[in-house]
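Remarks on the overall topology
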Amino acid sequence: MPSDSVPSQNSMNRMERYVEKYREKSGTFGHPESEVTAAVVLGLAQHIDELGRPLCPCNFYPDKKAELEESRRWVCACNEMKQFKYCHCLLFTNEEGQPITEYLPEDHEGRQVYGLVKDPTPDKGREARHQIGKN
Ligand code: SF4
């Protein structure tokens, strides 16, 4: 399936529900510009149709299927989100639409681009924080 194809309504609904629930669970918000969320959800839904899994649409993969066979690292919510609460697609942000960078290593690109962005809800999310450094 080409990456610019229209995703099925079923996959769109599935991703919309997932995003809403995961924001609640992780204590994050949607970007104030709704087009940002719409574009990412569309990309995730296209990947569900194409690959059966919501592979992150904001990365380049030389081979998407091989990427999925190798690991679940970039299946949404990805490892970076579950460990550091950082979403480089801006699907899960603070209320101002900035990605949370507080927990990232200082040499991570996210820290370099956005500086230190504190977590407004530190009691939520980061369900895989114990895996930091393991994958
Ligand atoms: S960066 Fe991670 S959490 Fe954000 S959309 Fe991509 S896979 Fe999902």
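These figures come from a predicted structure and were not determined experimentally. (Residues numbered from 1 in each chain as written. Predicted model: local features only at pLDDT ≥ 70, side-chain atom pairs only at ≥ 80, totals over all residues.)

1. A word on the overall build of the protein chain
In terms of helices and strands, the protein chain carries five helices and zero strands. Along the chain direction, N to C, the helices and strands of the protein chain fall in the order α-α-α-α-α. By the compact-globule yardstick of 14 Å for 135 residues, the protein chain fits well, its C-alpha radius of gyration being 15 Å. Within the protein chain, the fraction of its 135 residues that count as buried is 32%. Expressed as a percentage of contacts within the protein chain between residues at least 6 apart in sequence, the contacts between residues at least 24 apart total 49%. (Helix = DSSP H or I, 4+ residues; strand = E, 2+ residues; numbered from the N terminus. Rg over C-alpha atoms; globule rule 2.2 N^0.38 Å. Buried ≥ 20, exposed ≤ 12 C-beta atoms within 10 Å, placed from the backbone. Contact = placed C-beta atoms within 7 Å.)

2. Concerning the site of the ligand
Around the ligand lies a shell of 14 residues, among which Cys56, Cys76, Cys78, Met81 and Cys87 are the nearest. Of the residues in the shell around the ligand, the class split is twelve nonpolar, one polar and one charged. (Near = placed C-beta within 6 Å. Nonpolar A, V, L, I, M, F, W, Y, C, P; charged D, E, K, R; others polar.)

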